[in-house]
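Analysis of the macromolecular model
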Amino acid sequence: MTIKDTVARTIARKADAKVGEIIGQTTTKVAEEITTPIPSNWALGGLTSAGMETSVTNSYRSGYIDVSKVKRLRLENNTIMYRVNLYNAAKQMLRQAAFDINYYTVDDDVYFVRIVVADTSKTSYQVYAVDVTTTTEPIFIPSALKFGFMPSNDAATNAVALQRAVDAGGMIRVEQPGIYDIDRAIKIGDNVTLNFGPGVFLRRTTSNGYVLVNKGAFTRSYNKNIVIRGLKLICNGKESTAGSDLITGLRGQISFFYVKNLSIENFECLDLLSYSYCVQICTFEDVIIDKIRVEGGKDAVHFGRGSNFVVRDGKFKTYDDPIALNGHDYDTGNPQLGWIENGLIENCYDLAAASTTGYFLRVLAGAWVDWFSGMELQKSDTVVSNGRLYRVVANPDGTKYTSMTAPTHVNGTVTLDGNIKWVMIQDDVTYTAGCRNIHLQNIYLQKNRPVAVSLHLDKDNYSRSYYPNATPPIQKNIILENIHMQTDIPRLITATTPVDTIKLVNSEITNTSIVLNNISTAGMTYSNTNLIMMGVTFKGTGGQRLVNCAGGRTASVKVVGSVVENATYAPTFSSGVTIVAKDI
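Along every chain, residues carry numbers that run from 1 in the direction the sequence is written. Given that this is a predicted model, residues contribute local features only at a pLDDT of at least 70 and side-chain atom pairs are listed and counted only at 80 or more, while totals for whole chains, interfaces and linings are drawn from all residues. Side-chain measures here rest on the full set of heavy atoms in the structure, leaving out hydrogens and waters.

1. Thoughts on the packing of aromatic side chains
Only the six-membered ring of Trp is used, alongside the rings of Phe and Tyr, when aromatic pairs are assigned; centres must lie within 6.5 Å, and planes under 30 degrees apart are stacked while those over 60 apart are edge-to-face, with the rest tilted. A complete count under the given rule lists 9 aromatic pairs for this structure. Note on F284 and F303: the rings are 5.2 Å apart at their centroids and 45° apart in plane angle, and the pair reads as tilted. Within this pair, whereas F284 is found in strand β19 (residues 279–296), its partner F303 is found in strand β20 (residues 301–303), the two being separated by 19 residues in sequence. Ring centres of F303 and F309 lie 4.6 Å apart, and the angle between their planes is 35°; this geometry places the pair in the tilted category. Under the relative-accessibility criterion, F303 is labelled buried at 0%. Through pairs of rings, three or more aromatic residues link up here, namely Y222, F257 and Y258. Consider the ring centre and the ring normal. A charge sits over the ring if Lys NZ or Arg CZ is within 6 Å of that centre and within 35 degrees of that normal. Directly above the ring of Y275 sits R251, whose terminal nitrogen or CZ lies 4.1 Å from the centroid. Across the ring face of Y222, the terminal group of K260 is positioned such that the distance to the ring centre comes to 4.6 Å. Here a strand is any run of E in DSSP of at least two residues, a helix any run of H or I of at least four, and the numbering for each starts at the N terminus. Only protein chains enter the accessibility calculation, which uses a 1.4 Å probe. A residue is then buried if its area is under 20% of the maximum for its type, exposed if over 50%, and partly exposed in between.

2. What about the environment of T356?
By secondary structure assignment, the location of T356 is in the loop between β23 (339–350) and β24 (361–364). Taking the C-alpha atoms as reference points, T356 and D321, 35 residues apart in sequence, are found 8.9 Å from one another. Contacts are assigned to residue pairs that have any heavy atoms within 4.5 Å of one another. For T356, the contacting residues outside a window of four places in its chain are T318, Y319, K447, N448, R449 and P450. Residues adjacent in sequence count toward polar contacts only when both atoms are side-chain atoms; beyond that, a polar contact is any pair of N or O atoms within 3.5 Å, and within protein one must be able to donate a hydrogen and the other to accept it. Polar side-chain contacts of T356 include one of 3.3 Å to the backbone oxygen of Y319. A distance of 2.9 Å separates a polar atom in the side chain of T356 from a polar atom in the side chain of R449.

3. A closer look at the pattern of salt bridges
Salt bridge, as used here: a side-chain nitrogen of Lys or Arg that lies within 4 Å of a carboxyl oxygen of Asp or Glu. Per the counting criterion, the structure on display carries 20 salt bridges. With a closest N to O distance of 3.1 Å, K539 and E565 form a salt bridge. With K539 in the loop between β41 (537–538) and β42 (543–549) and E565 in the loop between β44 (563–564) and β45 (570–573), the pair connects residues that are 26 residues apart, well separated along the chain. Through salt bridges with shared partners, a single ionic network connects D290, K291, R312, D313 and E346.

4. Structural notes on the nonpolar core
The nonpolar core is taken to be a set of buried Ala, Val, Leu, Ile, Met, Phe, Trp, Tyr and Cys residues, with the residues joined through side-chain atoms within 4.5 Å. Counting residues in each nonpolar core, the largest one holds 91 residues, and the members touching the most others are F267, F303 and L325. With 8 residues, strand β18 (residues 254–272) is the single largest residue contributor to this core. Beyond its immediate chain neighbours, meaning those up to four positions away, L325 contacts F303, F309, I340, I345, L361, R362, V363, L364, C435 and I438.

5. Some points on the sheet that holds strand β31 (residues 413–416)
Each strand in a sheet pairs with its neighbour through backbone hydrogen bonds, running either in the same direction (parallel) or in the opposite one (antiparallel). Should DSSP find at least two bridges between two strands, the strands are regarded as paired. Taken in spatial order, the 5 strands make up an open sheet running β26-β28-β29-β32-β31, and their pairing is mixed. The open sheet terminates on both sides in strands that have one partner only, identified here as β26 (369–370) and β31. Two elements, strand β28 (residues 382–385) and strand β29 (residues 388–392), share 4 bridges in a ladder whose sense is antiparallel. Residue V384 lies in a different strand from β29, and its bridge partner there is L389.

6. Some details on helix α4 (residues 155–167)
The end-to-end C-alpha distance of α4 is 18 Å, a good match for the 18 Å that 13 residues give at a rise of 1.5 Å each. Along α4, the positions that sit buried rather than exposed are A155, N158, A159, A161, L162, Q163, A165 and V166. Of the surrounding secondary structure, the elements contacted by the buried residues of α4 are β10 (170–174), β11 (178–182), β12 (186–188) and β13 (192–196). At the N-terminal boundary of α4, the capping side chain belongs to D154, with an oxygen 3.1 Å from the backbone nitrogen of A156. G169 lies just past α4 and shows a positive phi near 80°. Helix span is expected to be 1.5 Å times the residue number reduced by one.

7. With respect to the side chain of Q253
Among the secondary structure elements, Q253 is positioned in the loop between β17 (232–234) and β18. Within polar-contact distance, the side chain of Q253 engages the side chain of R204 at 2.5 Å.

8. Things to note about the environment of M424
Mapped onto the fold, M424 is located in strand β32 (residues 420–426). In this structure M424 comes out as buried when scored by relative accessible area, which is 7%. Those residues in contact with M424, other than ones at most four positions away along the chain, are R220, R388, L389, Y390, H409, V410, N411 and G412.

9. Some thoughts on unusual backbone geometry
Despite not being glycine, N266 shows a phi value in the positive range, around 50°. Tracing the chain through its elements places N266 in strand β18. Phi angles above zero are rare outside glycine, and K291 is one such case at about 65°. By secondary structure assignment, the location of K291 is in strand β19.

See the structure below:
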């Protein structure tokens, strides 16, 4: 046991001995009685119930006590309430009573905390104490208020203050309700938790950079262990379109590029515009988005390459895609290309709206080739050259370029052959992009979209995601489970990509189709697709082309354990479909 531990325990024992003597006295008197001598290098702080803002004798601190890390609660009758029940009990006491908190710190760690509560609803005061007898974790949480982040500030002052808070690392609370303006991107490093309390809104005032972005996005180095909790974003008519901090292909309001262990919880944005995605994440490992609501024009959640993600409890009312899994993308749509793997999308609603484009889920695949002299190029084309991936940045006007000079630059953008603008996007080489092992579960389709889920290859002036004679990108193991089709959607699934297996499980569908198309580009070949429908309730009526294969596509279909609700429903299957089993 260290000297600090010994002193903290001694203070606790002395204070406990005083509790029985001081019941019935005022809170101020209680605080005086239990404040025993402490070493001179310890800072003494006191917090009050008015926002729990801190003012201390020897150092200025502002923050909150995280009672979830307090070891035990000792009541006046010496009843011990251990951590499992402590948090709710302490919250209840602090909500109903006036209180003082004394804490003792050394080198910014809290080693001993005593909360004294005077319950003013009673004629005689009841005294309680929280006893901390462990030093393994700091239990003091700084407030952004400490750094000068306040709703009354102008946007520039607030941006500087919040950046200072984030740079300090750890957990930061923003608790004072109000609208906080910022005029630039807040750049987040490792091991940061931003907690936004009820009634707190973050509003951007310019289109400079992003709202939040990780620091490693600019150096292509991973940041890790980031939590954004409770953020309510107001776009305020501003997009991520200006300033020197923009990264080619990264255009989210909230953007993370090169990130591991990211969690976004209780997020809301109700005024998303038409250019910037709401949340964009590319080159990632282990991402959780839990409880999100987005309304507006562009994609709500837009992923680039990465592995292991969850999008849970989402409500979306977007003109474009609520969720995009774009292994490939426009040159301005994602900063890097590759595979998106091992994803779960569950408990999500595609809310009804008057107009729409896009899909509930877009899976965008692609493939490209090694650079060769004389190759024809257009906007967004990708090549492999000199051990790196390069892309053509251009306007979507249909212009074709002939490349005679290979791009070889190490970073940034270079113009070659007079008018071909090449950006170097990554130095780990892959020739294909798409999705593997994607599971949709408990999805409520309420918006009348032409297509709900598209396994997609672009072929237009913005992008041709399959370059002629490239290796076909095969999507693998796509599962749709508990899909509730609550409006008319002509096509549940379309696929112009090769795909090995699609499973539709325990779902309810109306008159709809699954359509496999051919992109009709030289070099593209398609292997057979397995379609498994199990436990499906078919709510349609009349004749319906359930599976349609076009352009030489083929599929093996198995329908088992399913139910037809209307006797007139008569599903049909196109040529190219082999029925392995069918019970409807």
